[in-house]
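The residues making up each chain are set out below.
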Amino acid sequence: MERIDKLYGIGTVFSSPDGIIKAAAEVSGKGYSEFDVNTPYPVHGMDNAMRMKPSKLGYITLIFGLSGAVFALLFMFWAMTRDYPMVIGGKPFFALPAFIPVTFEVTVLLATLSTVIGMIAFFFNFPSNSHPLHETEYMKKVSLDKFGIFIRSDDPQFNEDEIRTLYQNLGGEGIEKIYFPAKADIPLFDPKFITFLAVIAVTASAFTYIALNKLLYMPPYDFMVEQEKLIPQEKSDIFSDNIGMRTPVKGTVARGFVPYPYSGIPSPAEVLTNPLIPTKEILEIGGKRFNIYCSPCHGYYADGDSRLRGQFPNPPSLHSERGRDMADGMIYHIITNGQNIMPSYASQINRDERWAIVHYIRVLQRAKNATSADIEAIKKDTANAQ
Amino acid sequence: MLNNNLIKKELPPAMIKLGWILLSVGFIFIIAGFATDYQRAIFNYLLVYIFILSIGIGALFLVAIEYVAGAEWSTPLRRIIEFYASLIPLLIILAIPLLFSLHDLFHWSHPEAVAGDEILKGKSPYLNSTFFIIRTAAILLIWTLFWFLIIRNSEKQDKTSDQKLTKKNITLSAVFIPVFAITVTITSIDWLMSLEPHWFSTIFGVYFFSGSVIGALAAITLGAVTLKEKGYLHPRITNDHYFSLGALLFAFINFWGYIAFSQYMLIWYADLPEENFWFLSRWQGGWEYISILLIVVHFVVPYSALLSQPSKMNPKRLKFISIWILIAHLFDLYWLILPNLYKNGFSISWIEFAFPIFAAGFIIVLFNYLAARKNLIPIGDPKLEKGLNFHL
């Protein structure tokens, strides 16, 4: 590295950790403050010998760690009780024991990140990426097997002759004067550095691509992809027709399945009667199901006023004469099997709920075509209730 | 060479007096306790027995860890740790009253109760009085054997300065540590978990282990700081040594919190009736305040107190914290043991305060006795010089 004629400092090296401890204690004892020690590994007792004050870095860690804990707890409090409350495992919304592991993780994450970033920002002279000691004989020695001490020229007591005598008395091996480099920083966009980054990026992406897209599909790593089980619509060699998805054996039904034997019958209403009594609870269930499954096309009041804005043809109103005269069993049959463009709702709505919907439709029809006698009856009921 | 009067010394008369006073007062209290409420007294006797056991076995574990890890910093303090480990042979005598009162302590020891209970019937091949006494005796004998061999080698070295003895102790320690892991788990299951024989927790042994190491470390710190204050320890044992003790204490306080929380969270999350009733019985009738207090006393306060570097370096603060932690360890055992007797509601009486006095007196008297007769520093240990030179 090119150097200019400006002295940065004077350094010397020792060949044992005891030597450097003694030297550091002597140098700091003489009142020097602008000095540093460079060793190939951490030497125990160095802080005391250099008379160093405890580092302030711990406060950054503490502050950020505590903010991490508070932030994590507040966030989970807001997310789980205010923004999107969800019952999980029957626990309360603010389930503190379940939040503690996350709080701990966020605390540790923020504490470590802030320590590293704080160290770089406050103690490493960021954004400087170089140091005058780089590429000197001194640095080469102390990063190999020697223990070096170095006094900078900006020390108020700095005097070359005194320091030379001090080093010689301590037994320093060779004294090295180091000058400032011509350029303070190594250029960031150094072609070598950029090439290095590019090689790392390409290697890492290539490896990730191969691992995720090729290696996982190759034996012996394909054990997750290739499992000894049938997935839907897969071919199977076990059966003679090679079809993996099987139909039930003739004459059997699956557990819990209730067959519907009226599909082909022209007038099922004669054999189907509503088994439910229209109580308040049944009508509420019917209303809920109707609003969810029927109202998108039929409308909330069964007027045939679709909310689908012409994506499907509107169904006729259920308040027509045909609709009002239709037997309960027929409505049930239509919901179960579908009619014209309307599909079957048997898989979405269970048997009892379908019957409840039938009751609810009756309520709608009665309400739409109420007579004055009905209104009088309601008035009487309300008066009685009061 | 080491100053001779640092090696062997009568401890100050005040300390000897304190030990005897605590022991005799505690002994009177124990007699009075057994006379007034026998069952409560035997549960409290179990509490102080486990307290003494945890300090003794925790100390022997720390001696073994020092040998296996080749630690140098703790070598000048090892004799103090060994004094506490010498509680182990005395456990055999202390266990006798408990073994005669199994019926008062353990529900499973009543054959008529086991006969009508399918769960206890299934556990009876393990949980029966005969096998229990055999296990207890075997474990105490194994511990005493290891204590005898390790301490004998260590003390022999004071005279011979033979380096081979260190090697022998390393081998012994390496054998002892897995034995310790198994025996301490069995001890915790037998004496503490089986107080509620329907309950089980697979992490319970680790929970007890963490508590016992905390107890031992606090006792060691207290002993070392007290001796240092009175000028009985080597002057080259500095704050760096105390920092290391404090750091270990801090680590194990963390470890205890981690294990205690792991045990709680898994049972809380799964909420299975065969596990959760143990915590539920500690969450009713006033016990819930004790449970919360335990978190504060055993984790929050020592954690905050030990967090900063100066508090680990300052012997005075360290002394206060170690006394606090010893009390917290007693409190932890109280929380583990007493709710099994008072299932319906929180209960505390003078007996809970009186019995630990006996334990404290017992430990101090033994410590004084050993300190007067043995070297306070392992003068023959090859690691001693490095240990005295220890710096952070």
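Note that this is a predicted model, so its numbers are computed, not measured.

Draft legend 1. A look at helix H12 (residues 239-270) of chain B. Compared with an ideal rise of 1.5 Å per residue, which puts 32 residues at 46 Å, H12 of chain B spans 46 Å between its outermost C-alpha atoms and is within 8% of the ideal. Two residues or fewer after H12 of chain B comes aspartate 271 of chain B, characterised by a positive phi angle close to 55 degrees.

Draft legend 2. A look at the packing of helix H10 (residues 163-191) of chain B against helix H11 (residues 204-229) of chain B. Residue and element names in this part refer to chain B. Close contact between H10 and H11 brings their axes to 8 Å; oriented N to C, the two are set at 105 degrees. One element, H10, and the other, H11, form an angle in the roughly perpendicular class. From H10, Phe180, Val184, Thr185 and Ser188 reach across to H11, where they touch Phe204, Gly205, Phe208 and Phe209. Residues belonging to the contact of H10 with H11 are distributed by class as follows: 5 nonpolar, 3 polar and no charged.

Draft legend 3. How the structure looks around unusual backbone geometry. Residue and element names in this part refer to chain A. A cis geometry characterises the amide bond from proline 219 onward to proline 220, with omega recorded as 5 degrees. Note that proline 220 resides in the loop between helix H7 (191-213) and helix H8 (280-298). Its identity is not glycine, yet arginine 51 carries a phi of approximately 55 degrees, on the positive side. Along the chain, the position of arginine 51 falls in the loop between helix H2 (46-49) and helix H3 (57-83). When its relative accessible area of 54% is taken as the criterion, arginine 51 is described as exposed. A positive phi is found at glutamate 135, a non-glycine position, where the angle reads about 55 degrees. Counting through the fold element by element, glutamate 135 comes out in the loop between helix H4 (96-123) and helix H5 (137-142).

Draft legend 4. Summary view of the nonpolar core. In terms of nonpolar packing, the biggest core is built from 127 residues, with Tyr49, Tyr84, Trp143, Trp191, Leu336, Ile337 and Phe355 of chain B touching the most fellow members. Those residues in contact with tyrosine 84 of chain B that lie beyond four places of it in its chain are Ile55, Gly56, Ala59, Ala219, Ile220, Gly223, Ile363 and Phe367 of chain B. Within the second largest apolar cluster, 21 residues are counted, among which are Ile282, Phe290, Ile349 and Ile357 of chain A.

What counts and what doesn't
Residues numbered from 1 in each chain as written. Chains lettered and ligands numbered in written order. Predicted model: local features only at pLDDT ≥ 70, side-chain atom pairs only at ≥ 80, totals over all residues. Heavy atoms only, no water. Helix = DSSP H or I, 4+ residues; strand = E, 2+ residues; numbered from the N terminus. Expected span 1.5 Å × (residues − 1). Axes fitted to C-alpha atoms, helices over the stretch in contact; angles between N-to-C directions. Parallel < 35°, antiparallel > 145°, perpendicular 65-115°, else oblique. Contact = heavy atoms within 4.5 Å. Nonpolar A, V, L, I, M, F, W, Y, C, P; charged D, E, K, R; others polar. Buried < 20%, exposed > 50% of the residue type's maximum accessible area, 1.4 Å probe, protein only. Core = buried A, V, L, I, M, F, W, Y, C linked by side-chain atoms within 4.5 Å.

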